[in-house]
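One-letter residues, chain by chain:
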Amino acid sequence: MMHDEYDVLIVGGGVVGSAVARELARYRLRIAVLEKEPDILCETSARNSGVLHAGFNSTAGTKMARFCVEGNRGFDALARELDVPYRRTGKLVIGFSAEDRKRLEALRENGEKAGVPGLEIIDATRIRQLAPLVRGAFALWSPTTAILSPFQLTLGLAENAVRNGVRYVLKAEVGGIRCVQERYIATTAAGEFRGRWIINCAGLHADRIARLQGIDSYTIHPCRGEYFVLDQRAGPMLPLPVYPVPDPKSGGLGIHLTPSVDGNVFIGPSNEYIGDTGDYAVTKPVMEMLVADAARVLPELDRSYFIRNYAGIRPKLTGPGEGGYHDFVIERRRETPRAIHLIGIESPGLTCAIPIAREVVRQMWEVEQLAENPYFDPVRRGIVRFADQSIADQAALIAQDRNYGEIICRCGAITKAEVLAAIRNPLGVHTMTGIKYRCRAMMGRCQSGYCQTRIAELILQETGKRPEDLEYARKGSYLFTGAVRDA
Amino acid sequence: MKCAIEKKSVVIIGAGPAGLSAAIELHRQGVYDIIILEREQSAGGVLRQCIHDGFGLTRFGESLTGPEYAQRFLDEAAARGIEVLSGVTVTGITPDRIVTAVSPNGLLQFAARAIILAMGCRERTRGALSIPGERPAGVWTAGVAQTYINLKNLMIGRRVLILGSGDIGMIMARRLTIEGAKVLAVCEIQPYPAGLPRNVMQCLNDYDIPLLLQHTATDIRGRARLERVTVSRVDAQFRPIPGTEREFQCDTLILSVGLIPENELSRMAGVVLDPQTQGAVTDECFQTSVPGIFAAGNVLHVHDLVDFVSLEAEQLARSVAVYLRQGLPACEIAVSSGGDIGSLVPRRVSGTQDVPLCFRVKRPRDDLCVQAWQNGRLIAQRRIKRAVPAEMERIVLPAARIAEHGEISVVSVDA
């Protein structure tokens, strides 16, 4: 067993854990992130709408609203540093009835109180100018809302953290935490880790991680949201995210249509409390509801556009029947002074990741002085995407590296150079979905029919793994039982 | 851009059976200035992974494996010195026939007098069907499973359920059984098999693999690797019947639920597609709605046997040769289908030559009579003892009976 000494142990490597890791890397601290899965993109951070929220949906005065406005305002600089694809599309919340209008007015007022800029109620003519195919009588227009790649944001934070000395340990599910002489000792599937601080960023499992430290006052209510993914052919139909007026009694923002930075469209998410943090199933009744709801706003949608379904799970603090949102809980407890618990980090957690991380740093400063890391480098570069380049730049890329001249994923025109860069990622992730999220291969309309066999082969070649050790996504999701026949 | 545009009489996209057959026939017709662009590292298309036999019975009068069938064409193409560039992916075609491709040696561009689309087809996926459930590892389309097993020597599972009775699914049922896996059943939502009768016999019946007609998957479970699939009987509207659920404990689910012509490039060039075949709308010369762009093989309409792909591509090549020399006759007579006749190729004819029409029936029919009518006149008729959707059928329209004007409609009547 390993006995590794750290200043800070971060439990959970999602967008929040990675933001905390990256912000703490600005100081002279030895940091380890303990991630239970073979990749950091297995749960909530990857399974959402990919929206940078403006902040008008969260009650003014809450941490949620404050962090959201701050996270949105700071995003251009962050995206530049970390090379995260995003687009300031703005967003429409569509209304039809007098009741809707009242709710939209209330949302606008709340947003203005929270400091959200540029909110306006607009009429049907302006809706048609912004999104010609979208139906609606009037709408709340939020110009600062953006779409972003949740994969690249999470990876950007994590890879930048690694570059600045943070260690990520994969498949390190924490099974026990004890405190001996002011050291936390986390027992994991990958050995024991010791740290002076422990930061609980475990998302859906944050209540369990708190319980391991004797705190049983938190309860996470998993609330599933199902989505449809639409073909890129549907992309031009929807220039910006379009939401319905949210139902205050529901735990979500309603079924919306969102373009993705990769040119697809998402329909969803539904809103269903489930008694299980691991049940990512999609269901027939919800699929039918999603299709019907989307057709109300965008009647031109056709079933032939649907290429995939997925589900995400919100780690909610408000339970079934209660609805709405509880503010983020980010706290040190008297019984565990060097432990910080981040509980109920649901939507808009993606937008709030950096402000949340800064709050963690602030709470640590309350206990001890942190020395600055003079070598901190805030810049991370993503994989250069062949398909996004001009013809001249494409030619230059191929001249530089022949692997840019071999297209592996036909749907996305993603080259061997990009797939290899994804396989050689700084976190050492070698799952199929890990490669997919990093270079976007296997996401297109053929759903990997053309490229997956070659990508599996490339991973095996690059890593020297045995076929039976290659995983699809989660721990234990093996792809192969071995060779068909011995050579 | 640095690369110069190279002129070619014909650029063929895809070195599968359609592309190779077309190239060889063009060469035979005296058209030598041609090039085939192939995205895979080696030519041959899907035949490379079809290691079972049964290919070539019509074309060569003998039973060959897929690689053997492909090799005959590769050898002839090589003997004729036909240029086949592999590892080259076409990324764009314009309506004025400029072809752009990506290769390790740089970007390539060709200005072609004619383009032949021979890109083949791809498989329908779980997403297109919206099958409910979790998303574990172990769910594959039949063609992907076939690639892993036959080309990559990677075994994909031990207990297998197959959804859809397409030909590749049935062939994989046999293949997996031979390699020691237990194939529990093949489920088909329709009341009849989707694939060829001979595959039902040779791949399922001969190996005691049950074929469950009017059954579909209604739930898929497994957090990491597939653990079980729930299968239900469906009613006449394909709705699962409550109470008929059966659970199969399995680690692998193979989908064989249809093939879709790969027309991304055709769309870029503005080629009009047929909603029934999902391939291009073509005339009797295999010309699409864009002049000088032709299509044949599975990119035009999904075939049952490769032999017919070759024969069709050869026919196309003869048209292209005429096109290059003297131009083609105007094809202004539309052909429509009705009754139990579903997809149909071609959709426009000239009336100057006999035209074989290829079609599929929408449901199995015994003693089917197919008739072609124009201006209230019966111009062709054919009786078929048993017609099934899995098999492509043909009827010839004799030029002598086609009037200069008037839509031709092909319909089914009871014999």
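Source: prediction; values computed, not measured.

A word on the overall build of chain B
A count of helices and strands for chain B gives eight helices and 28 strands. Here the C-alpha radius of gyration of chain B, 22 Å, is about what a compact globule of 415 residues would show, namely 22 Å. Every one of the 415 residues in chain B was classed for burial, and the buried ones make up 59%. A separation threshold of at least 6 residues defines the contact pool for chain B, and within that pool the share at least 24 residues apart is 62%. When the accessible surface of chain B is summed, it comes to about 15,800 Å², and 50% of that surface belongs to carbon and sulfur atoms.

Some remarks on the overall build of chain A
Secondary structure assignment for chain A yields 13 helices and 23 strands. Relative to a compact globule of 487 residues, whose C-alpha radius of gyration would be 23 Å, chain A shows 22 Å and is just as compact. Projected onto its principal axes, the C-alpha positions of chain A cover 65 × 60 × 45 Å. Residues counted as buried form 62% of the 487 residues belonging to chain A. Put simply, of all contacts in chain A between residues at least 6 apart along the chain, 72% involve residues at least 24 apart. In the structure as shown, chain A presents an accessible area of about 18,200 Å², 49% of it carried by carbon and sulfur atoms. In chain A, 62 side chains carry a positive charge and 57 a negative one; their mean positions are 1 Å apart.

With respect to the confidence of the model for chain B
Residues of chain B with pLDDT of at least 70 account for 99%, and the chain-wide mean is 96. Scored by ipTM, the complex comes to 0.96, with pTM at 0.96.

Concerning the environment of leucine 170 of chain A
Residues and elements named next belong to chain A. Inspection of the secondary structure assignment puts leucine 170 in the loop between strand E9 (167-169) and strand E10 (174-180). Sequence spacing of leucine 170 and serine 49 is 121 residues, and the spatial spacing of their C-alpha atoms is 25 Å. If we ignore the near neighbours within four places in the chain, the residues touching leucine 170 are Glu35, Glu37, Pro38, Asp39, Ala190, Leu427, Gly428 and Val429.

Looking at the pattern of salt bridges
The tally for this structure, following the rule as stated, stands at 79 salt bridges over all chains. A salt bridge links glutamate 368 of chain A to arginine 196 of chain A; its shortest N-O distance comes to 2.8 Å. Of this pair, glutamate 368 of chain A sits in the loop between helix H9 (349-365) and helix H10 (391-400) while arginine 196 of chain A is found in strand E12 (residues 191-200), placing the two residues 172 residues apart along the sequence. Ionic pairing is found between glutamate 134 of chain B and arginine 223 of chain B, a salt bridge with its closest N-O pair at 2.6 Å. Highlighted residues: glutamate 134 of chain B in the loop between helix H3 (126-129) and strand E10 (139-141) and arginine 223 of chain B in the loop between strand E15 (215-221) and strand E16 (228-233), separated in sequence by 89 residues. A relative accessible area of 5% means that glutamate 134 of chain B is categorised as buried. Arginine 223 of chain B gets classed as partly exposed once you look at its relative accessible area, which sits at 39%.

Observations concerning the sheet that holds E10 of chain B
All names here are of chain B. Ordered by their spatial adjacency, five strands build an open sheet running E10-E18-E12-E13-E14, and the pairing between neighbours is parallel. Looking along the sheet, the strands with just one partner apiece sit at the ends: E10 and strand E14 (211-213). Strand-to-strand, the axes of this sheet are offset by a mean angle of 20°, without reference to chain direction. Alignment of strand E13 (residues 182-188) against E14, held across three bridges, turns out to be parallel.

Some thoughts on the state of the cysteines
Counted by the stated rule, this structure contains zero disulfides over all chains. Here cysteine 352 of chain A is not disulfide-linked; the sulfur of cysteine 68 of chain A is the nearest cysteine sulfur, at 4.6 Å. The thiol of cysteine 50 of chain B is unpaired, and the distance to the nearest cysteine sulfur, on cysteine 121 of chain B, comes to 10 Å.

Quick look at the sheet that holds E16 of chain B
Residues and elements named next belong to chain B. Spatially, three strands are ordered E15-E16-E17 in an open sheet, and the strand pairing comes out antiparallel. The sheet is open, and its two borders are formed by E15 and strand E17 (246-249), each paired with just one other strand. Averaged over all neighbouring strand pairs, the angle between strand axes comes to 30°, with direction disregarded. Sheet topology note: the E16/E17 ladder contains four bridges and is antiparallel.

A short note on the interface of chain B and chain A
Across the contact, 49 residues belong to chain B and 53 residues belong to chain A. Across the chain B/chain A interface, buried area totals approximately 4,300 Å², and carbon plus sulfur atoms make up 54% of it. Counting across the chain B and chain A interface gives eight salt bridges. For arginine 454 of chain A, the salt bridge is made with glutamate 40 of chain B, and the minimal N-O distance between the two is 3.4 Å. Where chain B touches chain A, the interface holds 21 residue pairs in polar contact (both at pLDDT 80 or more). Of all the secondary structure elements, the ones that give two or more residues to the side of chain B that touches chain A are strand E6 (89-93), strand E7 (98-103), strand E8 (106-117), H3, helix H4 (142-151), strand E11 (154-155), helix H5 (167-178) and helix H7 (264-268) of chain B. Looking at the side of chain B that touches chain A, the element that brings in the most residues is H4 of chain B, giving four residues. Of the residues that constitute the side of chain B that touches chain A, the class distribution is 19 nonpolar, 14 polar and 16 charged. Both strand E23 (residues 482-483) of chain A and E11 of chain B contribute to a ladder of two bridges, which runs antiparallel.

So, the environment of aspartate 100 of chain A
Residues and elements named next belong to chain A. Mapped onto the fold, aspartate 100 is located in helix H4 (residues 98-114). A C-alpha to C-alpha distance of 9.0 Å links aspartate 100 and proline 246, two positions 146 residues apart in sequence. Not counting residues within four places of it along the chain, the set of residues in contact with aspartate 100 comprises Gly95, Phe138 and Val245.

Reading the values: rules and limits
Residues numbered from 1 in each chain as written. Chains lettered and ligands numbered in written order. Predicted model: local features only at pLDDT ≥ 70, side-chain atom pairs only at ≥ 80, totals over all residues. Heavy atoms only, no water. Helix = DSSP H or I, 4+ residues; strand = E, 2+ residues; numbered from the N terminus. Rg over C-alpha atoms; globule rule 2.2 N^0.38 Å. Buried < 20%, exposed > 50% of the residue type's maximum accessible area, 1.4 Å probe, protein only. Contact = heavy atoms within 4.5 Å. Areas by Shrake-Rupley, 256 points an atom, 1.4 Å probe, with all protein chains shown as cover. Lys, Arg positive; Asp, Glu negative; His and termini not counted. Charge placed at Lys NZ, Arg CZ, Asp CG, Glu CD. pLDDT = per-residue confidence, 0-100. Salt bridge = Lys/Arg side-chain N within 4 Å of Asp/Glu carboxyl O. Pairing = 2+ DSSP bridges. Axes fitted to C-alpha atoms, helices over the stretch in contact; angles between N-to-C directions. Disulfide = S-S within 2.5 Å. Buried area = accessible area lost by both parts, 1.4 Å probe. Polar contact = N/O pair within 3.5 Å; in protein donor to acceptor, adjacent residues only side chain to side chain. Nonpolar A, V, L, I, M, F, W, Y, C, P; charged D, E, K, R; others polar.

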